[in-house]
Amino acid sequence: MEPGINLPHSSTGFLVINSLLERKIEKRPDKVRLQGRILFLTEDPQLIRRQLAGEDLPWDTKNPSNNPKLRDDISTDEITPAHYCFYFDETLGEIPYLGLKCGDVLPIGRGEVKKGGFVCAVSGKRRGKGSSREQSPYAEMCAGIHLVIAENIERIYKQNCQNLGVLTSTNFSLIDKVRAGEEIPLSEFTAGEDEITRQVIEYGGLFPFNVARMQNKVFLPPIKTTRRPMTLAEKIFARHMLNSSVGAGVPARAPEQSSAGPEVEGEAVQPGDTGFARADLRFSHEYVTPMAAIFFERYVGKDARVNDPSSILFFRDHLTFLDEVISEEKKKLGLLDLATQLKLKQQDFAARQGIKLHGELKDRKGSEGICHSIVLESYALPGQLNIGSDSHTPHVGAIGCVAFGIGTTDVFNSWITKDVRVKVPESVKIVIRGKKHPNVTAKDFILKILSLDYVRSGKALAKVMEYAGEAIEELSVDERATMTNMAAEIGGFTGIVAPDRKAVDFLVERRGMDREQAQSMIEGLFSDPDAQYAQIIELDAAEITPMVATPGDPGNGKYIRELNTPVPVELAYGGTCTAGKNEDMDMYAGVLADALRQGKRVADSVKFYIQFGSQETREYCIRKGYLDIFQKAGALVIEPSCGACINAGPGVTTRPEQVVISAQNRNFPGRSGPGQMYLASPLTVAASAVAGYIVEYEPSTERELTGSRR
């Protein structure tokens, strides 16, 4: 038989790639010795520069208070700035931490980490927050970093490290062992991990583990949880978990018809249960698909076929407008050409594999839409389990399915197995009671949640955010998507809202689905009254007024009325997956129409960009007459793409002192240019664009739009 041909594996009954059955796979040694230096990512840029120059920083593991302050909240934007993710090979080893900001200083230059001989990198709380880009740990690995130590580590980043074979730990005493060149038991890195994660670490990564899994060399623990009250997310996981006694792709128990199709109807699961879950949809975009395709071709074979291409989707949605904002310096580095190669690689792989690609427009510049925006509009169904290469995949949970972001290695492995490694997470129930103010939106709710101590301290990491309460029930599916989307900023596993009449209406009105069919899909998709939660957070909608997140982090939330002085803005940006939906357009149009009635328009000092999340939303705006309102009010309209949110389209800042108010989801340092970014709702963004400074929108003709601050 030729390598790369799909053959049935008789002992498991699923299709595998023949060459993988003969691949020699071995575990790592029981002990590891990490030989090299330790890089402490401190708040003091001079201390980092001294380490890069060759000095080994003293570190007292027994008296931590004696040590310099470590940087907290290091995002993947800082580890690998977005424009460097156009590389999808070992060149990434030259660029780890190029975006790391210490105060206003970027202390690390290209190639310096790799030249420094570092084997371990140490930082503070919430390492790896933000994007799901696997380029970050891959860049660290290619630069020689084989161990990451931090107080706590974000789920996707940690899983990406494990998938690649990079070791992670929260045990700072390992610093002394590494410095002494001592052997460290591999069990130090597997302690406390579930059985599957332990074996992934022992085999040195997800792909070798999955090959061993196909060869029946690994132990998959059976799920023994008996029937119990479950949360909505737990019910969906129970339907999708696969049988541990057989290979990849085999249902755990006799499949039954469910709202997710012919899926598994398990007895029950509970937090901590581990296994592999069958994915209904697997999708990726041009930042990730090429790297995953290269991994697939390198490790599986150029002629190998993916498993069930009909349930895989590709998107060209991130870099459509890059050429309009990329600097001449970056063009000279060849980064625009590299970005084009990403597009071409994805197109080629999609064509060869027969995978649906939502690509660029043929008649004008722009894309069909942002990946998870289109998945919510056109594909996802209540009760499904969907995985995507974008950290904002939880967006799709607005329709009542479990949807979560995964890294490149998970993507490429899912093309083989059609499943994904899962440890059933705990759930946090966020109940927003009462009735919201007319000028308050879902974005204000989520900015309030992000400002809570429970979230800022990292206690919500890797947990399901289940949103409930009267104020949530009143939100449309579009607005609920803002809440589930920004579960990513919380650091949660995913976000979800129980599907109800509004979800049924969405499926009928937006998909043309039969109402009876849509109604049947949501049956049983609710949390049991006595389900267990890690935490229940209750908020009163009446106490929440319009908010902003001040520059640097989405968790820097405060009420607009608490801003001490007016904050003038130069740029206003309404768009991205979070704020480029139909109802977001209703908000921009409502504010601007109100302004036009008062004889006002976008302030002369402000450029206001409005970008659609999808072509469906653009068509909606045409039908509603919004394009005329936008044009008359002086707003600039942009075709769908991720755009400014990832520093790849109109609306990015170009100077450090430039202030932008944006309806996007992240304002990490450098993410959308060097300026100062405030996050806010579509209503606030549009009102501020008209006023020229940050202001609450007052939906009343009695009050001037730029009226007195309260």
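Because the structure is predicted, anything quoted here is derived from the model rather than measured. (Residues numbered from 1 in each chain as written. Predicted model: local features only at pLDDT ≥ 70, side-chain atom pairs only at ≥ 80, totals over all residues. Heavy atoms only, no water.)

Draft legend 1. Helix 28 (residues 626–633), seen in detail. Listing the buried residues of helix 28 in full gives Tyr-626, Ile-629, Phe-630 and Ala-633. Taken end-on, helix 28 shows its buried residues confined to a sector of 100°, consistent with a single buried face. Against the buried residues of helix 28 lie helix 26 (582–597), strand 25 (607–611), helix 27 (615–624) and strand 26 (636–638). (Buried < 20%, exposed > 50% of the residue type's maximum accessible area, 1.4 Å probe, protein only. Helix = DSSP H or I, 4+ residues; strand = E, 2+ residues; numbered from the N terminus. Arc of directions from axis to C-beta. Contact = heavy atoms within 4.5 Å.)

Draft legend 2. Looking closely at the pairing of strand 24 (residues 571–574). Side chains Leu-571 and Tyr-573 project from strand 24 onto one buried face, and the interleaved Ala-572 and Gly-574 project onto a second face that is buried too. Two elements, strand 24 and strand 27 (residues 659–662), share 3 bridges in a ladder whose sense is parallel. Following the sheet pairing, Tyr-573 is matched in strand 27 by Ser-662. (Pairing = 2+ DSSP bridges.)

Draft legend 3. Summary view of the packing of helix 6 (residues 155–164) against helix 17 (residues 408–417). In contact at an axis separation of 8 Å, helix 6 and helix 17 are set at 65° when each is read in the N-to-C sense. Packed against helix 6, whose contacting residues are Gln-159, Asn-160, Asn-163 and Leu-164, the element helix 17 presents Thr-408, Thr-409 and Asp-410 at the interface. Tallied by class, the residues present in the contact of helix 6 with helix 17 amount to 1 nonpolar, 5 polar and 1 charged. (Axes fitted to C-alpha atoms, helices over the stretch in contact; angles between N-to-C directions. Nonpolar A, V, L, I, M, F, W, Y, C, P; charged D, E, K, R; others polar.)

Draft legend 4. Representation of the sheet that holds strand 15 (residues 385–388) in the model. Spatially, 5 strands are ordered 14-13-12-15-16 in an open sheet, and the strand pairing comes out parallel. Every other strand in the sheet has two partners, leaving strand 14 (356–358) and strand 16 (402–405) as the edge strands with one partner each. Each adjacent strand pair in this sheet contributes to an overall mean axis angle of 20°, direction not counted. With 4 bridges joining them, strand 12 (residues 281–285) and strand 13 (residues 312–315) adopt parallel strand pairing. Following the sheet pairing, His-285 is matched in strand 13 by Phe-315. Helix 11 (residues 232–240) rests against strand 15 and strand 16 of the sheet, and its axis sits at about 85° to strand 16.

Draft legend 5. Representation of helix 10 (residues 206–214). Taken across its 9 residues, helix 10 has 9 buried, putting it largely inside the fold. Every buried residue of helix 10 is listed here: Leu-206, Phe-207, Pro-208, Phe-209, Asn-210, Val-211, Ala-212, Arg-213 and Met-214. Immediately beyond the C-terminal end of helix 10, within one or two residues, lies Asn-216, with a positive phi of roughly 60°.

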